[in-house]
Amino acid sequence: MFVHWGRMAAALQIDHQPRRAHPRLRLGIPARLLSLEGQQCVTLVDLSQSGARIVLGAPGKISGGLLRWLGFEAFGDPAWQLGDELALRFDEPIVPAWL
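Reference entry: report on the structure contained in this document. (Residues numbered from 1 in each chain as written. Predicted model: local features only at pLDDT ≥ 70, side-chain atom pairs only at ≥ 80, totals over all residues. Heavy atoms only, no water.)

## A few points about the pairing of strand β4 (residues 65-69)
The side chains of a regular strand alternate, residue by residue, between the two faces of the sheet. The test is simple: Relative accessibility thresholds used throughout: buried, under 20% of the residue-type maximum; exposed, over 50%; partly exposed, between the two (1.4 Å probe, protein chains only). Only DSSP runs of H or I covering at least 4 residues are called helices, and only runs of E covering at least 2 are called strands; the numbering of each starts at the N terminus. Think of it this way: DSSP has to see at least two bridges between two strands before they count as a pair.
Most of β4 sits inside the fold, with four of its five residues counted as buried. In this sheet, β4 lies alongside strand β1 (residues 25-35) in antiparallel orientation, the contact comprising four bridges. Within the sheet, the bridge partner assigned to R32 lies in β4 and is R68. Relative to strand β5 (residues 72-82), β4 is paired through five bridges, and the arrangement is antiparallel. In the strand pairing of β5, W69 is matched with F72. Linking β4 to β5, which pair antiparallel, is a turn of two residues; within it L70 sits at a positive phi near 45 degrees.

And the structure:
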């Protein structure tokens, strides 16, 4: 069987869509979440231009809010929540220099 690798590589590049629009930065630093449910200390686990994954300091469902870390802040809505882990999708992408 003859395979033309150039065509296969081109087909893979076209068919392959990255799962994320922006790369993530793994952190594990303290942050604060201010939401309608109150404010709490959280751990900022992952950060990208489009969102963040945090671990809550207190149990409960979060409807979104303002995430503050290292002098930066961004508003976000929950993408998903599983127990004390929460993924926030930022309202506006943060600037790359914040990463």
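## Focus on the packing of aromatic side chains
The geometry of two aromatic rings is summed up by the distance between their centres and the angle between their planes. The cut-off we apply is this: Ring geometry is summarised as follows: Phe, Tyr and Trp rings, the Trp one being its six-membered ring, pair when their centres sit within 6.5 Å, and such pairs are stacked at plane angles under 30 degrees, edge-to-face over 60 and tilted between the two.
Scanning the model with the defined rule gives four aromatic pairs in all. Summarising the aromatic geometry, the rings of W69 and F72 are spaced 6.0 Å apart at their centres and angled 40 degrees between planes, so their arrangement reads as tilted. Look at F72 and you get partly exposed, because its relative accessible area is 26%. Seen from their ring centres, W69 and W98 are 6.2 Å apart, and the 70 degrees between their planes marks the pair as edge-to-face.

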